[in-house]
Amino acid sequence: MNSRIATDIGNIIGDKNIIVPNTDNNDFTIDRRQKRQSFPALIASPDNTADLSKLLTYCYKNKFRVVPQGGNTGLVGGTLAASNEIIISTRRLNKIRAIHKLDYSMIVESGCILADVQAQANRNDRFFPVSLGAEGSCTIGGIISTNAGGINVLRYGNTRQNIHGIEVVLADGTIIHSLNRLGKDNTGYDLKQLFIGAEGTLGIVSAAALKLSPAPLSTVSVLCGFSRIEQSLELLELAQLYSSNQLTSFELISSVAMDNTLKHTPSISRVIPACSWYALCQFSTSSPVIDVSSLAENFLETAADKQLIKDAVLSRSISQENGLWKIREALVTAQRLEGESIKHDIAVPISKVPELVRTVDREVKKIMPSIRPYPFGHLGDGNIHYNFSQPTDMDAITFRAKESAIHNVVYNIVDKLDGTISAEHGIGTDKKALLAQYKSTADLDLMRAIRRVFDPHSQLQVGKLV
Ligand code: S2G
Ligand code: ZN
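Quick caveat: nothing in here was measured; it's all calculated off a predicted structure. Every chain's residues receive numbers from 1 upward, in the order its sequence appears when written. Each chain takes a letter, starting from A, and each ligand takes a number, starting from 1, following the order in which they are written. Per-residue local features are limited, in this predicted model, to residues with pLDDT of at least 70; the limit for side-chain atom pairs, both in listing and counting, is 80 or more; totals at the level of whole chains, interfaces and linings are taken over all residues. Based on all heavy atoms of the structure, the side-chain values leave hydrogens and waters out of the count.

Turning to the site of ligand 1, a few remarks are in order. A single heavy atom is enough: if one lies within 4 Å of a molecule or strand, its residue is considered near that molecule or strand. If you check the shell around ligand 1, you find Arg33, Arg328, Val332, Lys343, Phe376, His378, His385, Asn387, Glu424 and His425 and nothing else. Within the contact set of ligand 1, an oxygen atom lies 2.7 Å away from a side-chain nitrogen or oxygen of Arg328. Counting of polar contacts relies on pairs of N or O atoms within 3.5 Å, with two restrictions inside protein: one atom must be capable of donating a hydrogen and the other of accepting it, and residues adjacent in sequence are counted only when both atoms are side-chain atoms. One nitrogen or oxygen atom from the side chain of Lys343 is found 2.5 Å from an oxygen atom belonging to ligand 1. Exposure was quantified through the Shrake-Rupley algorithm and a 1.4 Å probe, taking into account, for residues, occlusion by the shown protein chains and nothing else. Across the complex, the protein chains shield 87% of the 290 Å² of accessible surface that ligand 1 would expose by itself. Where helices and strands are cited, they refer to DSSP runs of H or I of at least four residues and of E of at least two residues respectively, numbered from the N terminus. Going through the elements one at a time, helix 10 (318–336), strand 20 (372–378) and strand 21 (383–389) are the ones with two or more residues in the shell around ligand 1. For this scheme, ten residues count as nonpolar: Ala, Val, Leu, Ile, Met, Phe, Trp, Tyr, Cys and Pro. Four count as charged, namely Asp, Glu, Lys and Arg, and the remainder, Gly too, count as polar. Split by residue class, the shell around ligand 1 holds two nonpolar, four polar and four charged.

A few words now on the coordination of the zinc ion (ligand 2). Note on donors: an N, O or S atom is included if it sits within 2.8 Å of the metal, or within 3.2 Å for Na, K and Ca, and water is never included, so sites can look incomplete. Within the protein, the zinc ion (ligand 2) binds to His378 (NE2), His385 (NE2) and Glu424 (OE); these donor distances fall in the range 1.8 to 2.1 Å. Motif for the zinc ion (ligand 2), donor spacing along one chain: H-x6-H-x38-E. Residue His385 is located in strand 21, and its partner Glu424 is located in the loop between helix 13 (403–416) and helix 14 (432–438); the two are separated by 39 residues in the primary sequence. As far as the burial class goes, His385 and Glu424 line up, both buried. Relative accessibility under 20% of the residue-type maximum defines a buried residue, over 50% an exposed one, and the middle range a partly exposed one, all with a 1.4 Å probe and only protein chains included.

Another aspect to go through is the environment of Asn147. Within the element layout of this structure, Asn147 appears in the loop between helix 4 (140–146) and helix 5 (153–156). Taking the relative accessible area as the measure of exposure, Asn147 reaches 15% and is therefore buried. It only takes one pair of heavy atoms within 4.5 Å for two residues to be counted as in contact. When residues no more than four places from it in sequence are discounted, the contact partners of Asn147 are Asn158, Thr159, Arg160, Ile196, Gly197 and Glu424. Within the structure, Asn147 has its side chain in polar contact with the backbone nitrogen of Thr159 (distance 3.5 Å).

A word on the side chain of Glu321. Position of Glu321 among the secondary structure elements: in helix 10. In this charge count, Lys and Arg are treated as positive and Asp and Glu as negative; neither His nor the chain ends contribute. A pair is scored as a salt bridge if a Lys or Arg side-chain nitrogen falls within 4 Å of a carboxyl oxygen belonging to Asp or Glu. Salt bridges are absent for the buried Glu321, whose nearest opposite-charge side chain, Arg155, sits at 10 Å. At 3.1 Å, the side chain of Glu321 forms a polar contact with the side chain of Gln282. In this structure Glu321 touches Thr219, Val220, Ser221, Gln282 and Ser315, once residues within four positions along its chain are discounted.

The following block contains the structure:
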């Protein structure tokens, strides 16, 4: 991009907000979890919505291609930029504009880090429930544009269900002001929902009115071990029953994931004897009159009476509970330390998870007998990260060479089980071709038509999503 353009953009957003990519600050140009490098023409980081609007108007008039970016923690190549594209980072749009306790709402700008927003809500005796591994660096704009999930979806829904309103800037610079704090607003199309999960293809979210929940007053977590994947469904049903709607999370962990986490994380020790499968669940309540520990104890007693579990531990303190969830957080890193991995972010109807697990295991081993399945995930949403680790007797190149064959087997099984190829991580560049394979022509045509309405010059997120 020539220097005149950089000068123009500097005049619009301030020279200090133009970021020159170099080896030191590759935070914007390397997608940190996949380690892929971008080489954008320029990185612009406006620090207010008005400048963002002027910048987009300038890009619109000049037909420059734009890649919106939040915390750059995505997993599907959604923030990669080509040399003829401008990364527009929202990180400097990072003010918490207001908190409205009695409205259970909080107005924050896109560049706010999720963990900071969670903390600010907690300080005001409120709870913003979207919680995921990257929360220390992902941004509010990022979780909105990918409709991020995480471990609390079972009780609180995805990001989509926790947004009252948004402020968004369209490709031509038009600002859509709909930062309302209303629990209900039935006045035509719910336009905000179009931008949530659109991966930046329809506009750049600059701020959001978040929906807050009452802060949990007490929580307790249970790690139980069991033998057969089918028992996980009965345990989930029992946990729902005995929690009287206080069940926040229900995560599935395979023995491989547990054993690898223990192997690679010195600070974590085994808390119950080895089992084939584990479920980690959390009961939480905001009520001063509900004793979640006794709910969890009743759950465990009944599970034991029904011989659903081999062993279990119930947290008796916050630090013990944090220790249990550290296992869940650490298992993703632990897999990375076991060599190359082939990952899936799939979901099927909950009742079909056992069939998914057994069929995928059987069919993938026909392609690669020594492959190491590494399944874990959000059983409560039917969302299983059915990952595979490189066989110990195979080099990375040979392993990678089979990746698309393995993906095909897995996605065909998911499709037959009425599932989805992407439950929470989105499509980006990596799954664009897959989406075309598994989404109906009618769906794809409609999505493309909507995209043309919002981005008539085809400038936003070219080559991503649809
Ligand atoms: C999780 C992250 C999956 C991965 O931990 O629930 O969303 O493989 C995932 O990074
Ligand atoms: Zn996940």
